[in-house]
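Take a look at the letters that make up each chain.
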Amino acid sequence: MVEIRLTNTRTRTKEVFTPIDPGNVRLYLCGPTVYDRAHLGNARPVLVFDVLVRLLHHVYGTDAVTYVRNFTDVDDKINAEAQRRRAAGAEAPLEALIADRTDETIAWYHADMDALGNLRPNHEPRATAYIAQMIEMTRELIARGHAYAAEGHVLFDVRSFPEYGKLSGRSVDDMIAGARVEVAPFKRDPMDFVLWKPSDDDLPGWESPWGRGRPGWHIECSAMSAALLGPHFDIHGGGIDLQFPHHENEIAQSCCAHPGAGFANVWLHNEMLQVEGRKMSKSLGNFFTVRDLLDRGVPGEVIRFVMLSTHYRRPMDWTEAKAHEAEAVLRRWHGLVAGIEPAPSPAPAVIAALADDLNTAGAIAALHELAARGDAAGLAASARMLGLLLPGMGDWAVAGDDTARLVEALLAARADARKARDFARADAIRDGFAAAGVEVKDTAAGPEWALAAGFDAHALARLAEAQGA
RNA sequence: GGCGGGUUGGCGGAGAGGUUACGCACCGGAUUGCAAAUCCGUGAAGACCGGUUCGAUUCCGGUACCCGCCUCCA
């Protein structure tokens with residue numbers, strides 16, 4: 001049995017992972033709020049968990065893993081978009097406009113994450129389908145003395161939970177000292193957070209013991225994880241920015257609603273994404289979505305490779321240079337594994353790297369070594385652990401028939417020129433191939449060719465025209 | 001103010017208290033009509049200051065600089 005070690009944010013140490021039930025390893029990843037396209041940063045935790053899930057599948061068996069990732073479809077940004085559409089003349093009721101928006105966004109999300117080669121989770125609960133469970137949990141928290149109703153709101157009483165702040169390493173008093181929190185007059189403590197809030201007629205709402213309203217941001221994950229994984233499960237994760245307040249609040253809610261259950265054993269947090277060395281933000285103009293990259297012709301597999309080439313607990317810097325380098329590597333690897341039957345099992349070095357706190361960069365280094373050794377079958381089998389070189393994934397790296405015809409014609413023209421010792425023409429074709437991103441290898445058995453990074457079909461067509469090929 | 005992350009060779013980026021990371025680039029050689037690709041090979045590091053140690057880039061303390069979170073955010 002492979003020993004997996006993971007860095008647990010809760011204990012701040014790298015620990016040997018021991019499942020609660022090896023027959024049903026359970027993980028929960030905080031999913032997107034579905035108000036817009038997923039940006040590149042949204043993809044990072046999904047990729048990290050995808051590799052983790054593939055590793056768990058390998059170690060415990062595909063059927064022994066339950067992976068849950070939610071869709072947050074109750075949110076003020078969604079409401080604002082729906083209200084904007086109604087103001088713009090949409091006739092449908094607000095709830096229908098919201099459903100349209102969230103359905104549309106979920107479809108985008110699926111398409112984008114699929115394009116990056118991510119497995120779909122076993123469950124993808126929508127918050128709106130678990131309102132009853134959220135209300136029930138809120139009632140339970142009030143009954144146990146951890147929450148109170150005030151002016152249509154229900155608030156969690158952070159002073160009732162001595163562990164509050166433990167995950168993020170802060171005390172309630174410290175937080176208040178540097179606080180920029182909204183201090184509503186009905187809060188007992190400035191750090192108390194909302195479990196339920198009232199909705200007026202312009203907002204979606206559900207009937208509750210506290211009047212018509214909607215849930216606060218954090219309660220959904222507590223309710224959905226409990227409903228689908230139980231009150232005690234193995235791994236919970238997300239971006240490090242969720243550590244506080246979201247995950248801190250989840251812990252408070254879940255532990256107080258289910259005393260003694262334990263909630264999540266291991267907390268995994270990925271560091272943030274940067275772009276060309278700077279924070280990705282709309283104001284800096286370097287903000288882009290996964291779809292933006294895909295539409296610009298960056299293959300999903302290339303995005304995946306770049307994202308996995310930095311360890312998840314380090315800041316990841318997205319650069320054009322990395323994308324270009326990743327493309328070159330993947331093209332080479334696709335060429336190497338084409339038509340090769342993958343080995344029966346992945347290379348031990350790759351498994352060992354991944355089992356050591358998901359060292360994807362180390363695993364990629366091990367893949368390089370397999371490639372250098374010419375072990376195509378091993379490379380093919382091992383790359384799959386990282387969700388790379390999957391069947392059907394490399395279509396982008398393979399030349400189409402039209403391209404193949406042009407290249408073959410040009411190669412024939414070059415061979416004629418060389419035979420005639422017309423080296424000027426032969427060199428022109430050679431340089432044209434290089435400029436178009438076609439890599440030609442002259443071997444003893446004749447020329448072989450492949451598309452290189454930056455392949456340009458138009459440049460190739462122009463070359464063929466110029467050479468009359 | 002509080003909490004956290006980072007600083008490794010030209011660039012990217014890992015692990016390990018003592019032995020080659022790995023990739024890209026560079027340089028030399030083989031090969032080629034010239035190249036490309038390929039193969040072989042060389043060189044190149046650990047922000048700064050202390051401490052522990054026979055020995056630290058790796059552990060501990062401090063300094064500097066960069067980044068993030070504390071407000072919606074993966």
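Scoring rules and cut-offs
- Residues numbered from 1 in each chain as written.
- Chains lettered and ligands numbered in written order.
- Predicted model: local features only at pLDDT ≥ 70, side-chain atom pairs only at ≥ 80, totals over all residues.
- Heavy atoms only, no water.
- Helix = DSSP H or I, 4+ residues; strand = E, 2+ residues; numbered from the N terminus.
- Buried < 20%, exposed > 50% of the residue type's maximum accessible area, 1.4 Å probe, protein only.
- Contact = heavy atoms within 4.5 Å.
- Lys, Arg positive; Asp, Glu negative; His and termini not counted.
- Charge placed at Lys NZ, Arg CZ, Asp CG, Glu CD.
- Near = heavy atom within 4 Å.
- Polar contact = N/O pair within 3.5 Å; in protein donor to acceptor, adjacent residues only side chain to side chain.
- Nonpolar A, V, L, I, M, F, W, Y, C, P; charged D, E, K, R; others polar.
- Expected span 1.5 Å × (residues − 1).
- 1 Å grid on protein atoms, 1.4 Å probe; cavity = no way out; pocket = protein on both sides within 12 Å on 5 of 7 lines; lining within 4 Å.
- Points joined across faces, edges and corners; volume = space filled by probe spheres on them.
- Domains from an automatic or database assignment.
- UniProt positions renumbered as here; feature names shortened; annotations may be inferred.
- Phe/Tyr/Trp six-rings, centres within 6.5 Å; stacked < 30°, edge-to-face > 60°.
- Lys NZ or Arg CZ within 6 Å of the ring centre and 35° of its normal.
- Buried area = accessible area lost by both parts, 1.4 Å probe.
- Salt bridge = Lys/Arg side-chain N within 4 Å of Asp/Glu carboxyl O.
- Arc of directions from axis to C-beta.
- Right-handed = clockwise from strand over helix to strand, strands pointing away.
- Pairing = 2+ DSSP bridges.
- Axes fitted to C-alpha atoms, helices over the stretch in contact; angles between N-to-C directions.

> Help me out: how do you make sense of the overall build of chain A in this one?
A count of helices and strands for chain A gives 16 helices and 15 strands. Burial statistics for chain A: of 469 residues in total, 51% are counted as buried. Pairs at least 24 apart in sequence give 74% of the contacts found in chain A among residues at least 6 apart. When the 49 positive and 64 negative side-chain charges of chain A are each reduced to one mean point, those points stand 3 Å apart.

> Can you walk me through the protein's contact with RNA strand B in this structure?
Around RNA strand B lies a shell of 46 residues, among which Trp217, Gly239, Leu242, Arg314 and Arg430 are the nearest. Near the protein, within 4 Å, the atoms of RNA strand B are sugar or phosphate in 64% of cases. Between RNA strand B and the protein, one listed contact pairs a sugar or linking oxygen with a side-chain N or O atom of Gln274 at 3.1 Å. His311 has a polar backbone atom sitting 2.7 Å from a phosphate oxygen of RNA strand B. Residue assignment for the surface near RNA strand B shows that the elements contributing at least two residues are α1 (40–60), β9 (232–239), β11 (273–275), α10 (320–337), α12 (360–373), α15 (423–436) and β14 (438–443). In terms of residue class, the surface near RNA strand B is made up of 13 nonpolar, 15 polar and 18 charged.

> I keep staring at helix α7 (residues 243–257) and nothing clicks. Help me out?
Residues three or four positions apart in an α-helix share a direction because the helix packs 3.6 residues into each turn. Helix length check: α7 (15 residues) gives 20 Å between terminal C-alpha atoms against 21 Å at 1.5 Å per residue, within 8%. With 13 of 15 residues buried, α7 is to be regarded as a mostly interior element.

> What's the story with empty space enclosed by the protein in this structure? I'm lost.
One water molecule sets the probe size; rolling that probe over the atoms shows where empty space is left. Applying the stated criterion across every chain, the model contains one cavity of 30 Å³ or more. Taken as a whole, the largest cavity encloses approximately 60 Å³ of empty space. Looking at the largest cavity, the residues that line it are Arg44, Val48, Val51, Met307, Leu308, Thr310, His311, Tyr312, Leu358 and Thr360. Contributing elements (two or more residues each) for the lining of the largest cavity: α1 and α9 (300–308). Among the elements that line the lining of the largest cavity, the one with the most residues is α1, at three residues. For the lining of the largest cavity, a count of residues per class yields six nonpolar, three polar and one charged. Each of domain 1 (5–270) and domain 2 (285–397) accounts for three or more of the residues forming the lining of the largest cavity.

> I would appreciate a short explanation of the UniProt feature "binding site: ATP" (unreviewed entry) in chain A in the present structure.
UniProt records the feature "binding site: ATP" (unreviewed entry) at Lys282, using the numbering of this structure. We classify Lys282 as exposed; its relative accessible area is 61%.

> For this particular structure, what's the right way to read the packing of aromatic side chains?
Two measures describe an aromatic ring pair: the distance that separates the ring centres and the angle between the ring planes. Scanning all chains against the criterion turns up 10 aromatic pairs. Seen from their ring centres, Phe233 and Phe263 are 5.4 Å apart, and the 85° between their planes marks the pair as edge-to-face. In this pair, Phe233 sits in strand β9 while Phe263 sits in strand β10 (residues 263–270), placing the two residues 30 residues apart along the sequence. Accessibility classification places Phe233 together with Phe263 in one group, the buried group. Taken together, the ring pairs connect Phe156, Tyr164 and Phe193 into an aromatic cluster. Positioned above the aromatic ring of Tyr35 is the side chain of Lys77, whose terminal nitrogen or guanidinium carbon lies 4.8 Å from the ring centre.

> Honestly, the layout of surface pockets in this entry has me stumped. Any pointers?
The volume enclosed by the largest pocket comes to roughly 1100 Å³. Forming the boundary of the largest pocket are 42 residues, of which His39, Gly41, Asn42, Asp241 and Leu242 lie nearest the centre. Where the lining of the largest pocket is concerned, the elements lending two or more residues are α1, α3 (94–115), α6 (219–229), β9 and β11. Tallying contributions element by element places α1 first for the lining of the largest pocket, with five residues. Residue composition of the lining of the largest pocket, by class: 17 nonpolar, 14 polar and 11 charged.

> Explain the domain arrangement of chain A to me, please; I cannot follow it from the model alone.
When the parts come together, some accessible area is lost, and that loss is often what is quoted as the size of the interface. By domain assignment, chain A separates into domain 1 (5–270), domain 2 (285–397) and domain 3 (401–466). For domain 2 and domain 3, the distance between their C-alpha centroids amounts to 28 Å. Residue-level contacts link four residues of domain 2 with five residues of domain 3. For the pair domain 2 and domain 3, the summed buried surface comes to about 340 Å²; carbon and sulfur atoms form 56% of the total. A per-residue breakdown of the area domain 2 buries against domain 3 is headed by His324, Glu327 and Arg331, which together make up 81% of the total. Taken together, the connections running from domain 2 to domain 3 amount to zero salt bridges. The interface formed by domain 2 and domain 3 holds one residue pair in polar contact (both at pLDDT 80 or more) in total.

> Looking at this model, I keep getting lost on α15. Mind explaining?
Taking 1.5 Å per residue as the helical rise, α15 with its 14 residues ought to reach 20 Å, and the 20 Å between its terminal C-alpha atoms agrees with that figure. Restricting attention to buried positions, one finds in α15 the residues Ala426, Ile429, Gly432, Phe433 and Ala436. Projection of α15 onto a plane perpendicular to its axis shows the buried side chains occupying an angular sector of 125°, all on one side. Across α15 from its buried face, at more than 90 degrees, point the exposed residues Ala424, Ala434 and Ala435.

> What exactly am I supposed to notice about the pairing of strand β4 (residues 65–69) here?
In terms of residue burial, β4 counts as a mostly covered element, since five of its five residues are buried. Here β4 shows two buried faces, one formed by Val65, Tyr67 and Arg69 and the other by Thr66 and Val68. Chirality of the crossover, the property in question, places the unit of strand β3 (residues 25–29), α1 and β4 among those that are right-handed.

> Before we go on, may I ask you to explain the sheet that holds strand β13 (residues 316–318) in this structure?
Sheet strands associate in pairs through backbone hydrogen bonding, adopting either a parallel or an antiparallel arrangement. With mixed pairing, the three strands of this open sheet are ordered in space as β12-β11-β13. Pairing within the sheet leaves two strands with one partner each, and these edge strands are β12 (278–279) and β13. With three bridges connecting them, β11 and β13 associate as parallel partners. Across the sheet, the residue bridging to Gln274 is Asp317, located in β13. On the sheet, α9 packs against β11 and β13 and is oriented at approximately 145° with respect to β13.

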